[in-house]
Amino acid sequence: MEVAKLKNWEDRVAIIVEKAPEWDISTITGIPSWVQLTVERIIEHHKLDNIHQLWPNLQVFVTGGIAFEPYRKGFEQLLAHPLIYQDSYLASEGFIAFQSRPGTHAMKMLLNNGIFFEFIPFQAAHFQEDGLPTPAAPILTIDQVVEGQDYALVISTNAGAWRYLIGDTVRFTDVSRSEIIITGRTKHFLSICGEHLCVDNMNQAIRTLEVDLDVAIPEFSVIGVKQGGHFAHHWYIGCKDYPHLDPEAVRLLLDSALRQYNDDYAAERNAMLHAPLVTLLPPDAFYTWQKATGRQNGQSKIPRVMQQQQLADWQQFLLLENVPVRECQGT
């Protein structure tokens with residue numbers, strides 16, 4: 001508890017790293033990015049090949065906050081063998097869902113835990129550019145949802161929250177079991193010309209890159225930009241192997257994967273949307289940026305979709321810090 005109460009994240013991690021050999025850890029929990037950073041520092045400090053040399057009984061990782069899949073490849077490089085992974089979905093407003101059975105990454109919603117859920121179909125016609133619903137947006141209850149459709153989650157709780165738009169979008173994978181996956185944020189999607197690209201599409205595309213290129217890509221962020229009279233997505237992709245990657249090959253694979261996972265993207269790529277711009281850089285750049293902006297802690301998340309007001313600060317940070325990058329421009 002003394003460690004947990006430390007407000008400064010760097011101080012907390014330093015003590016965890018120092019005391020790690022004193023503990024017999026079997027279960028870890030937290031946001032994947034910060035857990036991975038902590039484990040990496042333990043391995044580096046104690047000159048280990050993997051964390052199981054220090055914690056042989058480590059078996060379970062309960063994840064939450066963001067999707068684990070983009071981190072899986074890099075995280076498992078820190079292990080002697082894979083763990084049991086269990087996804088959870090909890091927020092300040094309440095415990096929403098958890099993975100209740102093996103064989104799926106979907107989570108079962110807690111429908112009898114003091115939260116009343118409503119769902120707004122996450123479609124362009126129902127939402128404004130700031131991520132808020134239009135006054136005429138339909139609101140559905142649990143008996144009206146269908147599988148495969150993305151919904152913005154609205155909650156009312158016995159603690160006093162009333163029809164609160166939590167900011168997440170979810171998709172039912174099994175209505176009969178009330179199982180969902182988190183597909184993104186109402187403010188973290190790209191639809192600058194009708195492509196309707198959600199974070200789940202982005203995660204799938206990044207996973208494809210990892211498999212095809214045999215690399216780990218723990219962090220990325222995307223922003224929509226203007227290119228003449230058309231538009232493009234600028235991808236900033238964090239990968240330790242970036243010096244050895246061909247940005248043009250990454251761009252082609254990324255574009256192909258996005259076409260596969262999103263029909264609207266494929267249609268717009270033949271119209272108003274140019275090929276993506278790609279910037280490859282070390283993943284630590286994202287974490288240093290978090291620290292520079294006062295967001296270095298175990299709860300902060302790298303924005304998968306960067307807002308326009310963040311872009312100038314991000315680009316200035318890359319220049320001031322002399323972050324090495326490899327780039328290619330879309331056409």
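Fair warning: this is a prediction, and the values are worked out from it, not measured in the lab.

Draft legend 1. Inspection of the packing of helix α1 (residues 9-19) against helix α2 (residues 32-45) at higher detail. One way to put it is that α1 packs onto α2 with a least axis distance of 9 Å and a crossing angle of 45°. It follows that α1 is oblique to α2 by the angle criterion. At the point where α1 passes α2, the crossing takes the right-handed sense. In contact with W9, E10, V13, I16, V17 and E18 of α1, α2 contributes W34, L37, T38, R41, I42 and H45. Here the contact of α1 with α2 is composed, by residue class, of seven nonpolar, two polar and three charged.

Draft legend 2. Structural context of helix α5 (residues 247-261). In this model α5 runs 21 Å from its N-terminal to its C-terminal C-alpha over 15 residues, within 8% of the 21 Å that 1.5 Å per residue would give. Every buried residue belonging to α5 is among P247, V250, R251, L254, D255, A257 and L258, and all of these are buried. Buried residues of α5, viewed axially, fall in a sector of 165°; they line one side. Of the surrounding elements, those touching the buried residues of α5 are α4 (199-213), β11 (230-238), α6 (263-269), β12 (277-281) and β13 (326-328). Regarding α5, its N-cap is D246, as a side-chain oxygen of that residue lies 3.0 Å from the backbone nitrogen of E248 further along.

Draft legend 3. Examining the side chain of S221 more closely. Among the secondary structure elements, S221 is positioned in strand β10 (residues 219-227). Of the residues examined, S221 reaches a relative accessible area of 0% and is grouped as buried. Here the side chain of S221 touches P303 through a polar contact of 2.5 Å, landing on its backbone oxygen. Beyond its immediate chain neighbours, meaning those up to four positions away, S221 contacts H234, W235, Y236, F286, P303, R304, V305 and M306.

Draft legend 4. Molecular detail of the sheet that holds β13. Ordered in space as β10-β11-β12-β13, the four strands form an open sheet in which the pairing is mixed. Each edge of the open sheet carries a strand with a single partner, namely β10 and β13. Adjacent strand axes in the sheet meet at a mean angle of 15°, parallel and antiparallel pairs treated alike. With three bridges connecting them, β12 and β13 associate as antiparallel partners. Following the sheet pairing, V278 is matched in β13 by C328. Contacting β10 and β11, α4 runs over the sheet at an angle of about 115° to β10.

Draft legend 5. Seen up close, the pairing of β10. With respect to burial, β10 is a largely interior element, seven of its nine residues being buried. Relative to β11, β10 is paired through nine bridges, and the arrangement is antiparallel. From the neighbouring strand, Q227 faces β11, where its bridge partner is H230. Counting the residues in the hairpin turn of β10 and β11 gives two residues, including G228, whose phi is positive at 65°.

Draft legend 6. View of the pairing of strand β1 (residues 27-30). As paired elements, β1 and strand β2 (residues 60-63) share four bridges and run parallel to each other. Looking at β2, one finds that T27 is bridged to V60. Between β1 and its parallel partner β2, the chain crosses via α2, and the hand of that crossover is right-handed.

Draft legend 7. Main features of the side chain of T63. For T63, the location among the structural elements is in strand β2. You can call T63 buried: its relative accessible area is 3%. In this structure the side chain of T63 is engaged in a polar contact, spanning 2.6 Å, whose partner is the side chain of D87. Residues contacting T63, with those up to four places away along its chain left out, are G30, P32, F68, Q86, D87 and S88.

About the thresholds
Residues numbered from 1 in each chain as written. Predicted model: local features only at pLDDT ≥ 70, side-chain atom pairs only at ≥ 80, totals over all residues. Heavy atoms only, no water. Axes fitted to C-alpha atoms, helices over the stretch in contact; angles between N-to-C directions. Helix = DSSP H or I, 4+ residues; strand = E, 2+ residues; numbered from the N terminus. Parallel < 35°, antiparallel > 145°, perpendicular 65-115°, else oblique. Left-handed = near helix turned anticlockwise from the far one by under 90°. Contact = heavy atoms within 4.5 Å. Nonpolar A, V, L, I, M, F, W, Y, C, P; charged D, E, K, R; others polar. Expected span 1.5 Å × (residues − 1). Buried < 20%, exposed > 50% of the residue type's maximum accessible area, 1.4 Å probe, protein only. Arc of directions from axis to C-beta. Polar contact = N/O pair within 3.5 Å; in protein donor to acceptor, adjacent residues only side chain to side chain. Pairing = 2+ DSSP bridges. Right-handed = clockwise from strand over helix to strand, strands pointing away.

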